[in-house]
Amino acid sequence: MATSTGPASAGGINLASVDLNLLVALEALLEQRSVTYAGQRVGLSQPAMSRTLARLRDIFKDDLLVRTTTGVILTTCGEQLLRKLPPALAMIREILTPRSFKPEATRLKMSVAMPEHQALVLLPQLMPRLRATAPDLDFVVHSLLAGSLKGLENGEIDFVVGQVDDAPPGFFRRSLYTDRFVCLLRRGHPALRHTWTADRFSALRHAVIAPGSEERFGHVYDALSKLNLPDRDPLIVPNTMAAPMIVAQTDLVLTVPYRVALQASSMLPLIVKELPVEFPSYEVSLIWHERCHRSVEHSWLRAEIAAASVAAVRTMVQSDGLIPSSSAA
């Protein structure tokens, strides 16, 4: 009878040469302690299982199973493998099994980069949905978009919401909604007593939201600079919420996305006016990297963000019938 020498060290076995099925057969042999019954369990004939046992003995340099006067018993090596093998195979089976995702029972953290004006549109609809379906989700919002595509690549952020016409190679894009630009003026503004024309609009003192940022507002600033405004130095306001508050108390005029204007005018004494000059609408998209495209968690959150955008647009359409069909998501 051969002497048990214990399992060969991991460094002494070329894992690429080991058939995973051998480990499944080994588990059956160690638990059944019978070539016949182990073969039935894994679907092998007795001769085939006998050959498998011979291969396993050669790999582990041990008999694994030996006969005694009372029956078949495990060698010391076999006993060690019986303790270690089932949990190891269970882990492998877990790795190979398609993952199920239950948002209501999962703790995870995800982050999205989006500018303030789009957060004002999406988050009031998105956050209640996430709280109801995934109460343990840690959802982080970043307002700075500089370097966001690189952040998607290296996993620092999970999603970007912004204006991207074409997703670069390696990225995916999903349209959320379209928006257009309008004007905000305070109630009782002197300009409201007259016909709203391009000349009257141009003659007003303008407020502009952070034109130096990598946001659509930068394009607004560039467009206004081409209108030959008498006032070459508009008031630059650092964030989306501060600007309407200032406009509500002054004779400034502010050009903002229509959906932001609706929210601001519902909270402040402001009037929404159409732009009397031509300015293109824009599309807001959800962008992510292919590294997480097939992730079940990411797929779920993408669907939630898309649903929140639809709900946000629907709510605004119901609250204000002036939204044109071209700005519906």
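Residues numbered from 1 in each chain as written. Predicted model: local features only at pLDDT ≥ 70, side-chain atom pairs only at ≥ 80, totals over all residues. Heavy atoms only, no water.

Colleague: How should I be thinking about the sheet that holds strand E3 (residues 108-113) in this particular structure?
Modeller: Overall, mixed pairing links the five strands, which are arranged E4-E3-E5-E12-E6 in an open sheet. The strands lining the two open edges of the sheet, one partner per strand, are strand E4 (137-142) and strand E6 (171-179). Each neighbouring strand pair of the sheet contributes to a mean axis angle of 20°, computed without reference to strand direction. Summarising the sheet, E6 and strand E12 (residues 282-289) pair through eight bridges and their orientation is antiparallel. Across the sheet, the residue bridging to threonine 178 is glutamate 283, located in E12. Its contacts with the sheet place helix H5 (residues 116-133) against E4, strand E5 (159-162), E6 and E12, and it is angled at close to 180° to E4. (Pairing = 2+ DSSP bridges. Helix = DSSP H or I, 4+ residues; strand = E, 2+ residues; numbered from the N terminus. Axes fitted to C-alpha atoms, helices over the stretch in contact; angles between N-to-C directions. Contact = heavy atoms within 4.5 Å.)

Colleague: Help me understand the nonpolar core in this model?
Modeller: For soluble globular proteins, nonpolar side chains are generally found buried alongside one another. By size, the foremost hydrophobic cluster in this structure holds 56 residues, and its most contacted members are Leu137, Phe139, Phe159, Val161, Leu176, Leu254 and Leu301. A total of eight residues in this core trace back to one element, the largest contributor, which is helix H11 (residues 296-319). When sequence neighbours within four positions are dropped, the list of residues in contact with valine 161 reads Val112, Ala113, Met114, Pro115, Gln118, Leu122, Leu145, Leu176, Val284, Ser285 and Leu286. Ala25, Ala38, Leu53 and Leu89 belong to the second largest nonpolar core, which has 19 residues in total. (Core = buried A, V, L, I, M, F, W, Y, C linked by side-chain atoms within 4.5 Å. Buried < 20%, exposed > 50% of the residue type's maximum accessible area, 1.4 Å probe, protein only.)

Colleague: Sorry, what's going on with the pattern of salt bridges here?
Modeller: Pairs can form between side chains of opposite charge once their charged atoms are near each other. This model, assessed by the stated rule, comprises nine salt bridges. Of the charged contacts in the structure, one is a salt bridge between arginine 259 and aspartate 179, with a shortest N-O distance of 3.9 Å. Taken together, the residues span a long stretch of sequence, with arginine 259 in helix H10 (residues 258-267) and aspartate 179 in strand E6 at a distance of 80 residues. The exposure class of aspartate 179 is buried, given its relative accessible area of 2%. Note that arginine 180 is salt-bridged to glutamate 274, the shortest N-O span being 2.6 Å. Residue arginine 180 is located in the loop between E6 and strand E7 (181-186), and its partner glutamate 274 is located in strand E11 (residues 270-274); the two are separated by 94 residues in the primary sequence. (Salt bridge = Lys/Arg side-chain N within 4 Å of Asp/Glu carboxyl O.)

Colleague: Any chance you could explain the environment of threonine 197 here in plain terms?
Modeller: Counting through the fold element by element, threonine 197 comes out in the loop between E7 and helix H7 (198-203). Along the primary structure threonine 197 and proline 276 are separated by 79 residues, whereas in three dimensions their C-alpha atoms are 5.6 Å apart. Polar side-chain contacts of threonine 197 include one of 3.1 Å to the backbone nitrogen of arginine 200. (Polar contact = N/O pair within 3.5 Å; in protein donor to acceptor, adjacent residues only side chain to side chain.)

Colleague: Even after reading the chapter, I still don't get helix H4 (residues 76-96), so can you show me in this structure?
Modeller: With 21 residues, H4 ought to run about 30 Å at 1.5 Å a step, and its terminal C-alpha atoms sit 30 Å apart, in line with that. Those residues of H4 that sit buried are Cys77, Gly78, Leu81, Leu85 and Leu89. At its buried positions, H4 is contacted by helix H1 (20-32), helix H3 (46-60) and strand E2 (71-74). (Expected span 1.5 Å × (residues − 1).)

Colleague: Sorry, what's going on with the packing of H1 against helix H2 (residues 35-42) here?
Modeller: The description of two helices packed together rests on the angle between their axes and the distance between the axes. In contact at an axis separation of 8 Å, H1 and H2 are set at 135° when each is read in the N-to-C sense. When the interaxial angle is binned, H1 and H2 end up oblique. Handedness of the H1/H2 crossing: right-handed. Of the residues in H2, those in contact with Val24, Ala25, Glu27, Ala28, Leu29, Glu31 and Gln32 of H1 are Val35, Tyr37, Ala38, Arg41 and Val42. When the residues that make up the contact of H1 with H2 are grouped by side-chain class, the tally is eight nonpolar, one polar and three charged. (Parallel < 35°, antiparallel > 145°, perpendicular 65-115°, else oblique. Left-handed = near helix turned anticlockwise from the far one by under 90°. Nonpolar A, V, L, I, M, F, W, Y, C, P; charged D, E, K, R; others polar.)

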